[in-house]
Amino acid sequence: VTVTVTPIFSETKWSFDIALDTHSEELNADLTKVAVLVTDDQKEYSPINWKGDPPGGHHREGLIDFGTLSPKPQKIELIIRDIGGVTERKFLWITNS
């Protein structure tokens, strides 16, 4: 399974465009349950919603929202668990706050 993540940061919310692609299995994970955002002070935030393709199929894309983080962290890590037999996939960004 290929997972591509593009951050979309604004003053009012932290969102990520996520694309999942595979040719070997159904993409059935509930992304609001397998994704977590971790800040530089190790606080974890669960997604507030997913706007995108429903579970199933071999290709999914959508936007996952985490709301507002305050104060703005200097770095964030998006962790996606248990997709395609991989325990954790980590995506890290320096926010230059």
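This report concerns the structure included in the present document.

Rules used throughout
In this convention, every chain numbers its residues from 1, walking through the sequence in written order. The model is predicted, so local features are restricted to residues of pLDDT at least 70 and side-chain atom pairs to those at 80 or more, both for listing and for counting; the totals for chains, interfaces and linings are taken over all residues. Water and hydrogen atoms play no part in the side-chain values, which are based on all heavy atoms of the structure. For two strands to pair, DSSP has to find at least two bridges joining them. Helix numbering and strand numbering both begin at the N terminus, where a helix is a DSSP run of H or I of at least 4 residues and a strand a DSSP run of E of at least 2. Axes here refer to lines fitted to C-alpha atoms; in helices the fit is confined to the stretch in contact. Angles between the N-to-C directions go from 0 to 180 degrees.

**Some remarks on the pairing of strand β8 (residues 86-94)**
By the bridge criterion, eight bridges tie strand β7 (residues 75-83) to β8 in an arrangement that is antiparallel. If you follow Ile76 over to β8, its bridge partner there is Trp93.

**Quick word on the sheet that holds strand β2 (residues 14-21)**
The four strands are arranged β1-β2-β6-β5 in an open sheet whose pairing can be described as antiparallel. Strand pairing shows two members of the sheet lacking a second neighbour, β1 (2-9) and β5 (49-52), which therefore form its edges. Across this sheet, the average inter-strand angle for adjacent strands is 25 degrees, counted without regard to direction. Judged from the four bridges that link them, β5 and strand β6 (residues 59-65) form a sheet pairing that is antiparallel. Note on β6: the bridge partner recorded for Trp50 is Ile64.

Keep in mind these values describe shape, not function.
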